[in-house]
Amino acid sequence: MKKIKCECGHINHEGTVLCEACGKPIEGNQHIDGNDENNVLEMRYEGSARRSKTYKRTFVDKTWAFFSSVKVGVWLIVLALLASAIGTIYPQEEFKNSVLPSSQFYEQQYGLSGKIFYQLGFHNLYSSWWYIALIALIGISLVICSIDRFVPLYRALKNQNAKRHEVFVRRQRFFSESENVSDDDRKTLINNLKKRRYKISEEDGHILAEKNRFSRWGPYVNHIGLIIILIAGILRMFDFMHTEGYVWVREGETKVVPTTEQQYYIKNEQFVYETYSREDERFQEALKNEELDVPSNFQTNAIIYKVKDEVIPGQEPELEEVTRGEIRLNEPLTFDGYSAYQSGTQLRSEYNSISFKVENGEGEELGSFDFKTNEDQRYYKLSNGYQIEIQDYYPQFEVTEEGPSSFSKYPRNPGIIFEVSGPELEGERYFYLNEDVVPLIDDPVTNVTLEDTELITASGLIIKKDFSLPFFLIGAVIFMIGVAQGLYWHHRRVWIHPKDGSLLVAGHTNKNWFGLKNEIESSIDGTSIKMVEDQQEKL
Amino acid sequence: MDLYTVSSNFLYVSFILYLVATIFFGATIGNKREANTKSKASKIAITITILGFLSQLVYFFVRWSAAGHAPVSNMFEFIAFFGMMLVLGFIIIYFIYRETILGLFALPTAILVIGYGSMFPREISPLIPSLQSHWLYIHVTTAALGEAILAISFVAGLIYLIVKVDQTVRSKQTTWLEIVLFCVFATMAFIIITSSFDATGYEAEFVQEINGTEQSVEYHLPPLVEPNNSELVSDHFTTGIETPAWMHGADAGSKFNTLIWSLLGGLILYGITRLILRKRVAAAIQPRLSRVNTDKVDEIIYRSVAIGFPVFTLGALIFAAIWAQEAWGRFWGWDPKEVWALVTWFFYAAFLHLRLGAGWHGEKSAWLAVIGFVIIMTNLIFVNLVIAGLHSYA
């Protein structure tokens, strides 16, 4: 690497525009920051040697220069912005809320534009390779931009001397030259700057007053935060960081918790569903307009079990209670790194039991029986030697071309064919469907009526394990710190440069020049030092 | 008087105070810059603004105690809160920069915003289970505050453009500026038309066939367009023109009808104004703002983004993600509202990079501030009303 030695003796890296130590413009490199002799110096990166501006020959150089450009970064942001917005034109596949397959749904629902939306793959836009690639490119840009600027900037600010080259001082945006300044006035200015929390360093009578240098690191800190978030996003793709499962548990049912390798079981003891009372004075007006009751609570009272010992195949595992609690929306239940979230409900959608009353021809009661949908009981005993035989059971009854059958195994619309038999009674068959009992023979002797039904609710729970969350949180916190650091503090410097009996004063800030001007103005108050002029306005 | 009435009355009071304060801010535009900050008119104006803000705070907390939850749970409550934060944002920026002209534009914006929100149902509604969380207050209020401060940058941008855009010749810039001003007229028209028909109790009823089932659809404005595939059942005038079939969602016809009414009303208001002024609206305002310090206004555009952006990030992304994690077990789900918060965030990130990295000052910056506000409004109105998602409460 070629080094450039400045007349002050400091050795600078190749591509340096302003000497790191004394600030003297380095001949032959002024075009890099677009400086010209009659104008104020471009101070954005302290005239430091940035890789992207120095080496432009090889492929690596060019790639580096490409990604470190602000222009490219902004374009990537704009593209991501447009892509994200496009994905909301029609619902994403997971939100489409229809039984139709996507290939039909989008066209049927939205016509030609829907078809195009689907064919371009926009129905899964946010998980598409190109969207992820776009976000990855932003990530690369963040890393390269930050390294390209941070390293030389850090070096330049670390190596800066209090004694600056005269040209550097004269070509600052804020500058003034005063003659015959007394030593007292000079000291007043320095003290006033000290009072305003400037740090003073001195070299051969040259003064540098500086404050809030840390604000310069703000952008890099917030970029680090963003990079941590992106890395967390990658980590989250792995099972050891993040798993997700979904389970429907009916009231009274115990089920294995998905994603836990059969180690945990969950029991739904009871599901609580509550609605707002229409008598509630606060909400009366609003509830008048609601046809349906407004729910106030969805809650699963759950017990979590852990499997004891090793499970022998074919045997029921032995369970040990881990925890129990109420799972509500906004109040998940956590156990051993997992969380269970209330997510779905099938409110009173399945039959738990259906009970019947049986009478003989004289209206005498022969007893009743309670058909349990989840038990495989074939015979029910009644009094006087009578009994019931369940001949056919369809949990979700439907009639197809092949005759009666069940749409699913869930007792959502049970159909039962059963026979009543007893001493001196040939079997009389009945059919139960839709809370109604129909005899299947003419003029039966017995009489079967429906006594009661019991409906239960199935509760849908999301089971999550997510160890990536702390990383996201740390990333977000660092981002916020970086943004505040960079936006709310300003790096300000004032140089006091004695020169043949006169005193040169120059000032620089990375932003909010108005504020710096005020500080200098009040610091020279009562002295013979001239107020700095804004040379950018003048030129 | 019950609490609900008390709170509503305080909202009326603040509405009127904002109007009065606007007039006083208007009285300051003739003043010289230095005289302005100390002038009587500006002191009265800012005092009334603060009184209005306090009155709206009372509205907020009284309604809170009446409902038992923070009033940020439906469209009306959220927009009213957004309007209040807009005033707060203005007050903060006012005390940094002492720019009275900002009040002349920020307060009418807040008035329009609150007026617009008042067209939605105003009853206190019960909180559905998914909203029953302290994060409702934390997330929604911070997000609204962030958006409101960002909106101040729009107000400053608008002032900047009115002052700076060359009005001697017609250009793209003058046309777009007129379009922005037309939107103000259309919002005004929406409020006037909706509240007028509301006062008369107008109600037309249609029966609409959707996917084979018949549904009743109510209109509160005379139907310029009917719902798609529907029949008028009440005894009212109708044009017989139907809403196009591709417009979906609940009440698509009624919303489309309202939109047409607002645009037509806006056109009429705008047209009359143009006829009276005999020049572009922005051209008519421009000479009155000749004393405005444009450098300061340009600085306000940046400063309000610099303050609003972190607040927005915190409220609309970070707090939102924490709540989503607690409620749904996932901190991010690509719900349209979430996506548009991200779009907004991307946009202002680009704004800051262009301003600080590529030197986009002045008019470029001002136009970006205007576009940013359009994105925020899209998220507030369009996403809630048109795109169905987890956040569509209205």
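In this text, all values refer to a predicted model and were calculated from it rather than measured experimentally.

Caption draft 1: Local environment of the overall build of chain B. Within chain B, the secondary structure is distributed over 12 helices and 3 strands. For 394 residues, the compact-globule estimate of 2.2 N^0.38 gives 21 Å, and the C-alpha radius of gyration of chain B, at 22 Å, lies within 12% of that figure. Dimensions of chain B along its principal axes, counting C-alpha atoms only, are 65 × 55 × 50 Å. Classification of the 394 residues of chain B by burial places 58% in the buried group. The contacts of chain B with a sequence gap of at least 6 include a subset with a gap of at least 24, amounting to 75%.

Caption draft 2: Representation of the layout of surface pockets within the structure. Put simply, the second largest pocket is a space of about 550 Å³. Taken together, 24 residues line the second largest pocket, and the ones lying closest to its centre are Arg 44, Lys 53, Val 70 and Arg 149 of chain A together with Gly 357 of chain B. Elements supplying a minimum of two residues to the lining of the second largest pocket: α1 (51–54) and α3 (70–86) of chain A together with α11 (336–357) of chain B. Of the residues forming the lining of the second largest pocket, the biggest block, 5 residues, is contributed by α3 of chain A. For the lining of the second largest pocket, the class distribution of residues is 11 nonpolar, 5 polar and 8 charged.

Caption draft 3: Quick peek at the packing of aromatic side chains. Taken as a whole and judged by the stated rule, the model has 61 aromatic pairs over all chains. Ring centres of Tyr 131 of chain A and Trp 334 of chain B lie 5.6 Å apart, and the angle between their planes is 85°; on these two criteria the pair is classed as edge-to-face. Of this pair, Tyr 131 of chain A sits in helix α5 (residues 129–159) while Trp 334 of chain B sits in the loop between α10 (294–328) and α11, each in a different chain. Using a relative accessible area of 2% as the deciding quantity, one classes Tyr 131 of chain A as buried. A residue is classified by how much of its surface remains accessible, and Trp 334 of chain B, at 22% relative accessible area, is partly exposed.

Caption draft 4: The side chain of Arg 493 of chain A, seen in detail. All names here are of chain A. Relative to the elements of secondary structure, Arg 493 occurs in strand β22 (residues 492–499). Judged by its relative accessible area of 0%, Arg 493 falls in the buried class. Of note is the side chain of Arg 493, whose polar atom sits 2.5 Å from the side chain of Glu 46. Residues in contact with Arg 493, not counting those within four places in the same chain, are Met 43, Glu 46, Leu 157, Gln 160, Arg 164, Leu 208, Ala 209, Glu 210, Arg 216, Ala 506, Gly 507 and His 508.

Caption draft 5: Quick peek at the interface of chain A and chain B. Each side of the interface is counted separately: chain A has 53 residues, and chain B has 53 residues. Summing the contributions of chain A and of chain B, the shared interface buries around 4,300 Å²; its carbon and sulfur component is 69%. Summed over the shared surface of chain A and chain B, the result is 0 salt bridges. Joining chain A to chain B, the criterion identifies 14 residue pairs in polar contact (both at pLDDT 80 or more). Considering every element that reaches the side of chain A that touches chain B, the biggest residue donor is helix α10 (residues 469–488) of chain A, with 9 residues. Of the residues belonging to the side of chain A that touches chain B, the class tally is 33 nonpolar, 11 polar and 9 charged.

Caption draft 6: Representation of empty space enclosed by the protein in the model. Residue and element names in this part refer to chain A. Enumeration over the complete set of coordinates arrives at 3 cavities of 30 Å³ or more. Computed from the structure, the largest cavity encloses a volume of approximately 50 Å³. In this structure, the largest cavity is lined by Gly 15, Val 17, Ile 32, Asp 33, Tyr 45, Ser 48, Ala 49, Arg 50 and Lys 53. Taken together, the residues that form the lining of the largest cavity break down as 4 nonpolar, 2 polar and 3 charged.

Caption draft 7: Structural context of a nonpolar patch on the surface. Judged by side-chain polarity, Val 143, Ile 147, Phe 150, Val 151 and Tyr 154 of chain A come together as a nonpolar surface patch covering roughly 390 Å² of accessible area. Since its relative accessible area comes to 31%, Phe 150 of chain A is described here as partly exposed.

Caption draft 8: The arrangement of the UniProt feature "domain: ResB-like" (unreviewed entry) in chain A in detail. All names here are of chain A. Within the UniProt annotation, "domain: ResB-like" (unreviewed entry) is assigned to residues 70–403 and 448–521. Within residues 70–403, the helical portion is 32% and the strand portion 34%, while the C-alpha atoms at the span's ends are 70 Å from each other. Span residues 448–521 is 39% helix and 47% strand, its end C-alpha atoms 101 Å apart.

Caption draft 9: Inspection of the UniProt feature "domain: Cytochrome c assembly protein" (unreviewed entry) in chain B at higher detail. With numbering matched to this structure, UniProt assigns "domain: Cytochrome c assembly protein" (unreviewed entry) to residues 73–170 and 266–391 of chain B. In residues 73–170 of chain B, the share of helix is 73% and the share of strand is 0%. The end C-alpha atoms are 45 Å apart.

Caption draft 10: Just the environment of Ile 190 of chain A, in detail. All names here are of chain A. By the secondary structure assignment, Ile 190 is in helix α7 (residues 183–195). Since its relative accessible area comes to 10%, Ile 190 is described here as buried. Between the C-alpha atoms of Ile 190 and Ser 102, which are 88 residues apart in sequence, the distance is 72 Å. Residue contacts for Ile 190: discarding those within four places in its chain leaves Ile 200, Ile 207 and Ile 496.

Caption draft 11: Molecular detail of helix α4 (residues 75–97) of chain B. Residues and elements named next belong to chain B. The first and last C-alpha atoms of α4 sit 32 Å apart over 23 residues, in line with the 33 Å expected at 1.5 Å per residue. Counting buried residues in α4 gives 19 out of 23 residues, a clear majority hidden from the surface. Two residues or fewer after α4 comes Arg 98, characterised by a positive phi angle close to 55°.

How each quantity is defined
Residues numbered from 1 in each chain as written. Chains lettered and ligands numbered in written order. Predicted model: local features only at pLDDT ≥ 70, side-chain atom pairs only at ≥ 80, totals over all residues. Heavy atoms only, no water. Helix = DSSP H or I, 4+ residues; strand = E, 2+ residues; numbered from the N terminus. Rg over C-alpha atoms; globule rule 2.2 N^0.38 Å. Buried < 20%, exposed > 50% of the residue type's maximum accessible area, 1.4 Å probe, protein only. Contact = heavy atoms within 4.5 Å. 1 Å grid on protein atoms, 1.4 Å probe; cavity = no way out; pocket = protein on both sides within 12 Å on 5 of 7 lines; lining within 4 Å. Points joined across faces, edges and corners; volume = space filled by probe spheres on them. Nonpolar A, V, L, I, M, F, W, Y, C, P; charged D, E, K, R; others polar. Phe/Tyr/Trp six-rings, centres within 6.5 Å; stacked < 30°, edge-to-face > 60°. Polar contact = N/O pair within 3.5 Å; in protein donor to acceptor, adjacent residues only side chain to side chain. Buried area = accessible area lost by both parts, 1.4 Å probe. Salt bridge = Lys/Arg side-chain N within 4 Å of Asp/Glu carboxyl O. Patch = residues over 30% accessible without salt bridge, like charges linked within 9 Å, V, L, I, M, F, W, Y side chains within 5 Å. Areas by Shrake-Rupley, 256 points an atom, 1.4 Å probe, with all protein chains shown as cover. UniProt positions renumbered as here; feature names shortened; annotations may be inferred. Expected span 1.5 Å × (residues − 1).

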